[in-house]
Structure formats: structure tokens, C-alpha cells
Amino acid sequence: MSDKKVRVRFAPSPTGGLHLGGVRTVLYNYLFAKQQGGEFILRIEDTDQSRFVPGAEAYIYDCLRWVGLEPDESAEKGGRYGPYRQSERKELYRNYADQLVAEGHAYYAFDTPEELDAMRQQYKTEENPSPQYDHTVRMSMRNSLTLDGDKVHELMHSNTPYVVRIKMPENETIGLNDMIRGEVNFNTSLVDDKVLLKSDGMPTYHLAVVVDDRLMEITHAFRGEEWLPSAPVHILLWKYLFGLDKMPQWAHFPLILGPNGKLSKRDGAKYGFPVFAMNWTDPQTGELTEGFKEQGFLPEAFINQLAVLGWNDGTGQEIFSLEELVQKFSMDRVHSAGAKFDYEKAKWFNQEWIKKRHAEDLLPEVKKVLSVKDIEVKEDAKLLTVINLVKDRCTLLTDFVEQAGYFFQTPKQADFSAVRAKWNDDKALFFTELIRNYQLAAVWNATDLEHNFKEIAAARQLKPGELMLPLRIMLVGGKFGPGVFEIAEFIGRDETIKRIQQGLQQLAAGEI
RNA sequence: GCCGCGUUGGUCAAGGGGUUAAGACGCAUCCCUUUCACGGAUGAAUCACGGGUUCGAUUCCCGUACGCGGUACCA
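The shown structure was predicted, so the numbers you read here are calculated from the model rather than taken from an experiment. (Residues numbered from 1 in each chain as written. Chains lettered and ligands numbered in written order. Predicted model: local features only at pLDDT ≥ 70, side-chain atom pairs only at ≥ 80, totals over all residues.)

### Focus on the overall build of chain A
Okay, so step 1: Within chain A, the secondary structure is distributed over 21 helices and 14 strands.
Okay, so step 2: Whereas a compact globule of 512 residues would reach a radius of gyration of roughly 24 Å, chain A reaches 32 Å, over 25% beyond that.
Okay, so step 3: Each principal axis of the C-alpha distribution contributes one length, and for chain A these read about 110 × 55 × 40 Å.
Okay, so step 4: Within chain A, the proportion of its 512 residues that are buried is 36%.
Okay, so step 5: For chain A, contacts bridging at least 24 residues in sequence account for 74% of all contacts bridging at least 6. (Helix = DSSP H or I, 4+ residues; strand = E, 2+ residues; numbered from the N terminus. Rg over C-alpha atoms; globule rule 2.2 N^0.38 Å. Buried ≥ 20, exposed ≤ 12 C-beta atoms within 10 Å, placed from the backbone. Contact = placed C-beta atoms within 7 Å.)

Printed below as a string of C-alpha cells:
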């Protein structure tokens, strides 16, 4: 490893919930940084005041804490290279913008939104639906290239709003060596004169990334593929401002797609699965978007599944802990093609992680899930037993409500439809006798209960198989769960008898 | 439209000039289980298309199609 310190940053914009692609971007950044023994920095990109959402920044930190990807430096933690919010760095950027203008790489533009709109209308054609502000039109716009010096001076001193735009050179090839995609080339004539500094004095992303990456000594800049088209702007800025030799290495991650195309950020409900890491409530609309956490996902599973959506280690292994990922991740095995998110597979990962986790480690989460449904468990030891009995049957943490609830609460309703048709007096009498037997049973354990059950059945010439299911439904409320007699042992004599009596009543009532 | 990135079963994917083209999810069938899962076994299902190069292309090259991204004083 080189002696050069690796610094990797992830820069979310606090405009709403943290979606799948965002989490994976953090993950890959984190994995690379940790693997190289470098630092992982979180910078907040809140340069767009109008889209800034209160609470979104705190939410991002909550999500990162949940999945265990905490940054080494951030606005929360502070550090040598702060401030970590772009809004607090505002003054830094203007000087660089002015420097670019002074050196002829950028210019001041005074065009109003109306004028820009008029220009786009004017040049708009069938073939060119969105004309750019580029070398072909800039000499006919109102900017410091077309206006004389006095006029520019006058406009600027009379508080006329203006922006700084990069002056894209004509017909140059800008190359980028992407760690995932290799050489990617752009012709500068086809890139527009992007705004670098907005009229409110805040930088755009383009100026901010390069200035911040330089000042924070970022060595590797990884982001989503949607940024690839603006890479030439950033490279040019590096060239003009700091020199290409200081530029970080780039990697553009593939996109995560929804069931039909792009995964849209705000409507997970539409897909029938979440898109955000955690519950997100839009402060404007009050609209709640459910997150993976609240759906019942384990953070390990969530991370695991995202990690292998676009990367694999080549061995066929699919279950990775975060530690293993740090060890095995490699940028050159990250795919270049986008991948569709598969909720079914996500659930499978969760199931695997529930099976993998020890009951003790599942306990706090299961307790929480149960208490939400008003199932209070007094003794941890009892819950531990139940978790071990049922965890192989749970896909999501929320499944514990159904799978474990009846151990602690009499089922609210029982579904006897599967046995009703075959129900008869002989069976009813059998259960009546069973109750008597269980009332008198000297010991209360699964094997003895089963033994007695079968003995009575044999004496009455009934098939135990036809009686097991009714018993299960009486105790559990449905056709699921571990061995019936184990359940009976767990819930105890009184409760078992009570549930059989209730079941008998229900079945009797149903026959009329 | 233009620019960029992509394209191996339904989905995630391994492979990378000669293979019976791995594996996983899902699906189906069976075994285990007097329930439901878990577990085990089996099965159906894939190299977008057209040209090259080559003795031989899923693999390399060029086109085409399709998908996605960008084309904002959003990131």
C-alpha cells in the first residue's frame, strides 16, 4: 500500500429519505476506505436552500447508525477538514469562482430566468428539445464575454443577480479513467457552460465537489453513475484550479433499478416494498414512507443484500458480514451495469440472517416488535426459548408477532376451516376426555402429553393424525408453528385446557 | 435529438475464443415432517440481433436494436 492516505467521502443531499442506491453508495465508499486503512468522511451537500428539508440530515445519521456505517469525520463528529456542511463553507467557493473568471476559464452571466427560457424556446427544435447554454449561444447572451467591462462592472455593483459559468473549451477531448469503467472520453464542445456559482452565492455541486474534495484531501471519489455525464466539468475544474495530479481517482457505481426501470425515490408503496432505509416522514406533506428497518429487516441483511447487488467476490458466496465485506470487497469486481432490486431475494437474505443470529442477539428486536402489538413478555428466558423454537420460520422480524405471539397470548381468533368439515361428536368427546386427562396429569411435559394424547386416541379408535390438527388450531390459532405438545408444555396446563375448551365451543357453535 | 453508460434464465449473477454455460432468489415436483417452516433431492428456464475476425465465437471488433442516465441558478 502506498503511503498516501486514503480519504473517501460520501456526500448526501438532505432533501429526503435515504434510498437503496444511497445506502449502497455509502457502503461501497465505507468498504473501500476501511479496506485501504483510510478515512471515511461524510459531507453534507445542502447548497440548494429551496430543496433543503429540515430533519433530513439527522435522519441520514440515524440510518447510518442503524446499518453500522458511521463516518470517521462528519458534521456531527467534526474533524480537521470541516466544516462538513456546504452551507457553512459558502465563502470558500466564491474566491475559486472569481479566480476562474480572472484566468479566463469562466465568466459572469447576467441572463435572467426569462431570458434563459427565451433562448431555449428560440433554439428548440424537433431534433434538439433541450438546447444548452454552450459555445454556440454564449456570445449572444448577456455575460461578461459579450458585455464591455464598464457595463459588467456597473451591473455587478448595482446588485444585479448573476451567476458564474464555466467556459467550456471547444473541441477538446477530456478523458476520465474510471476505476470501474476504464477510459471514458467526452468532447467538450458537447458539454454546456455549467453554472458554478448561483446568484444566491452558493456553489453548484460542480464547483463544490472539486473545491471540497481538494480542501478535504479526498483521494478517491465514488458516486453514482448519474454523475458520469458531468465528470468532464469536474475534471476541467481540477485542471484549472488545482492540477490534474491532485485529482482523486473516480469510480461511478451502477444504478439500482426498480421493477420497471429507474427506482423512483419517493414511492416505495407503489412497488410493494420499501425504498428507504428507515421510515421517512416528509415534513411538508406529512407523508410517511416505510423503511426497511420498520419492515422488519436486520441491518446485517440489508447491508449484505445491497453489497451483492452489483458486486460479488467471484466464489459464489452470498452471505457476508460487514467485516467480511471490508476484507473481500474490491472495486474491480463492481459491475458496470445497473441491477434490478429484488424484494424476494432481499427477504431471503433477512431470513438467512435471522437463522444465523443467536436468540440472545435477536431478543431486543423481537421484544420491540412484540410490544408494538401489545404482547408484553416478562421473562427473557421464556422469550429466548420461543425464539429458538420459531426463528427458522421467520422471514422478517415482524413475523415474530404471528409466530411467537400465541406463546404469550391466547389467539384472538382461530381458523378452524381446515378441520370443520371433518369434525364430529367422536372427536368432540375425545377432546373432552383429553381435558380431563390433562387436568389430572401428574407431570406436564411434551412427551407425556403426546403419550396420553395417543393413548386416548387409540382407546377410542381414532387416528391421532386427524386430531393433531384440531388441537394445533385450538392452541395456535392456525396451521403453523413448532410441535403442538411443545407448545402445550410451554403455555402450561391451565392455558392449554382453556384453549381446548374455547376451541370446542367454537367448533360446536360452527356446526349449527 | 445529442452525449455517456450498459445488455448471460423472470431476478441477482460466475465464466470469457473450444464448457453438459456455475451458483443464488423465485417457481414446480418429490423426500423429511401426523401443521407450517427449516433441511435435502430433482426439474423447467439464459448468452438481444446482424455482420465481421477465426478452424471455432456467449467471449474479440463494428454496426443495429433495446434499456438506463445526463442534457436545470437539483444534487
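That was the structure; now back to the text.
### Regarding the protein's contact with RNA strand B
Okay, so step 1: Contacts to RNA strand B come from 62 residues, most closely from K262, A337, P464, G465 and K479.
Okay, so step 2: Classifying every residue of the surface near RNA strand B by side-chain character gives 23 nonpolar, 20 polar and 19 charged. (Near = placed C-beta within 6 Å. Nonpolar A, V, L, I, M, F, W, Y, C, P; charged D, E, K, R; others polar.)

### Some remarks on the confidence of the model for chain A
Okay, so step 1: Averaged over all residues, the pLDDT of chain A is 94; the fraction at 70 or higher stands at 98%.
Okay, so step 2: Two numbers describe this predicted complex: its pTM, 0.94, and its ipTM, 0.96. (pLDDT = per-residue confidence, 0-100.)

### What about the sheet that holds strand β4 (residues 163-166)?
Strand pairing in a sheet is mediated by backbone hydrogen bonds. Such pairs are either parallel or antiparallel.
Okay, so step 1: Spatial ordering of the open sheet is given by β3-β4-β7, a layout of three strands whose pairing is antiparallel. Single-partner strands in this sheet number two, and they are β3 (106-109) and β7 (195-197). Ignoring strand direction, the axes of neighbouring strands in this sheet form an average angle of 40°.
Okay, so step 2: Direction of pairing for β4 relative to β7: antiparallel, over a ladder of two bridges. For R165, the partnering residue across the bridge sits in β7 and is V195.
Okay, so step 3: Across the face of the sheet, helix α3 (residues 90-102) comes into contact with β3, β4 and β7 while running at roughly 105° to β3. (Pairing = 2+ DSSP bridges. Axes fitted to C-alpha atoms, helices over the stretch in contact; angles between N-to-C directions.)

### Concerning the packing of helix α19 (residues 464-476) against helix α20 (residues 484-491)
Okay, so step 1: Where α19 contacts α20, the two axes come as close as 10 Å, and the packing angle between them is 35°. Here α19 and α20 pass one another in a crossing that is left-handed. The segment α19 lies against α20, with M468, L471, R472, L475 and V476 engaging V484, I487 and A488.
Okay, so step 2: Its residues assigned to classes, the contact of α19 with α20 shows seven nonpolar, no polar and one charged. (Left-handed = near helix turned anticlockwise from the far one by under 90°.)

### A look at the pairing of strand β6 (residues 182-187)
Okay, so step 1: Relative to β6, strand β5 (residues 173-178) runs antiparallel, the two sharing six bridges. Bridge pairing in β6 links L176 to V184.
Okay, so step 2: Hairpin connection of β5 to β6: three residues between the antiparallel strands.

### Quick notes on the sheet that holds strand β14 (residues 339-340)
Okay, so step 1: Here we have three strands laid out as an open sheet, ordered β11-β10-β14, and mixed in their pairing. Of all strands in the sheet, those bounded by a partner on one side alone are β11 (261-262) and β14.
Okay, so step 2: Note: strand β10 (residues 256-258) against β11, two bridges, orientation antiparallel. Paired with L257 across the strands is K262, a residue of β11.

### Quick look at the environment of E73
Okay, so step 1: When you line up the elements, E73 lands in the loop between α2 (56-67) and α3.
Okay, so step 2: A C-alpha to C-alpha distance of 8.3 Å links E73 and Y84, two positions eleven residues apart in sequence.

### Focus: the environment of G291
Okay, so step 1: Structurally, the position occupied by G291 is in the loop between β13 (288-289) and α9 (292-295).
Okay, so step 2: What makes G291 buried here is the crowd of 24 C-beta atoms within 10 Å.
Okay, so step 3: When neighbours within four sequence positions are excluded, G291 is seen to be in contact with P274, F276, A277, M278, N279 and W280.

### Details of unusual backbone geometry
Okay, so step 1: Look at the link from G82 to P83: it is a cis peptide, with omega at -5°.
Okay, so step 2: Relative to the helices and strands, P83 resides in the loop between α2 and α3.
Okay, so step 3: Phi at Q461 takes a positive value of approximately 55°, unusual for a residue other than glycine.
Okay, so step 4: In this structure, Q461 sits in the loop between α18 (446-459) and α19.
Okay, so step 5: Assessed through the 7 C-beta atoms surrounding it within 10 Å, Q461 is described here as exposed.

### Concerning the packing of helix α6 (residues 205-215) against helix α7 (residues 231-241)
Okay, so step 1: At a minimum axis separation of 9 Å, α6 and α7 run at an interaxial angle of 50°. Viewed along their axes, α6 and α7 adopt a mutual orientation that is oblique. The chirality of how α6 crosses α7 is right-handed. Contact residues: H206, L207, V209 and V210 in α6; V233, H234, L237, W238 and L241 in α7.
Okay, so step 2: A breakdown of the residues in the contact of α6 with α7 according to their chemical character gives seven nonpolar, two polar and no charged. (Parallel < 35°, antiparallel > 145°, perpendicular 65-115°, else oblique.)

### Things to note about the nonpolar core
Okay, so step 1: Counting residues in each nonpolar core, the largest one holds 91 residues, and the members touching the most others are L27 and V366.
Okay, so step 2: A per-element tally of this core places helix α1 (residues 20-35) first, with nine residues.
Okay, so step 3: Counting residues in each nonpolar core, the second largest holds 27 residues, with Y162, V191, L207 and L237 among its members. (Core = buried A, V, L, I, M, F, W, Y, C linked by C-beta atoms within 7 Å.)

### A closer look at the pairing of β3
Okay, so step 1: Here β3 shows no split at all, with A106 and Y108 on one side and Y107 and A109 on the other all buried.
Okay, so step 2: As defined by bridge partners, β3 adjoins β4 across four bridges and the pair is classed as antiparallel. Looking at the pairing, A106 lines up with I166 of β4.

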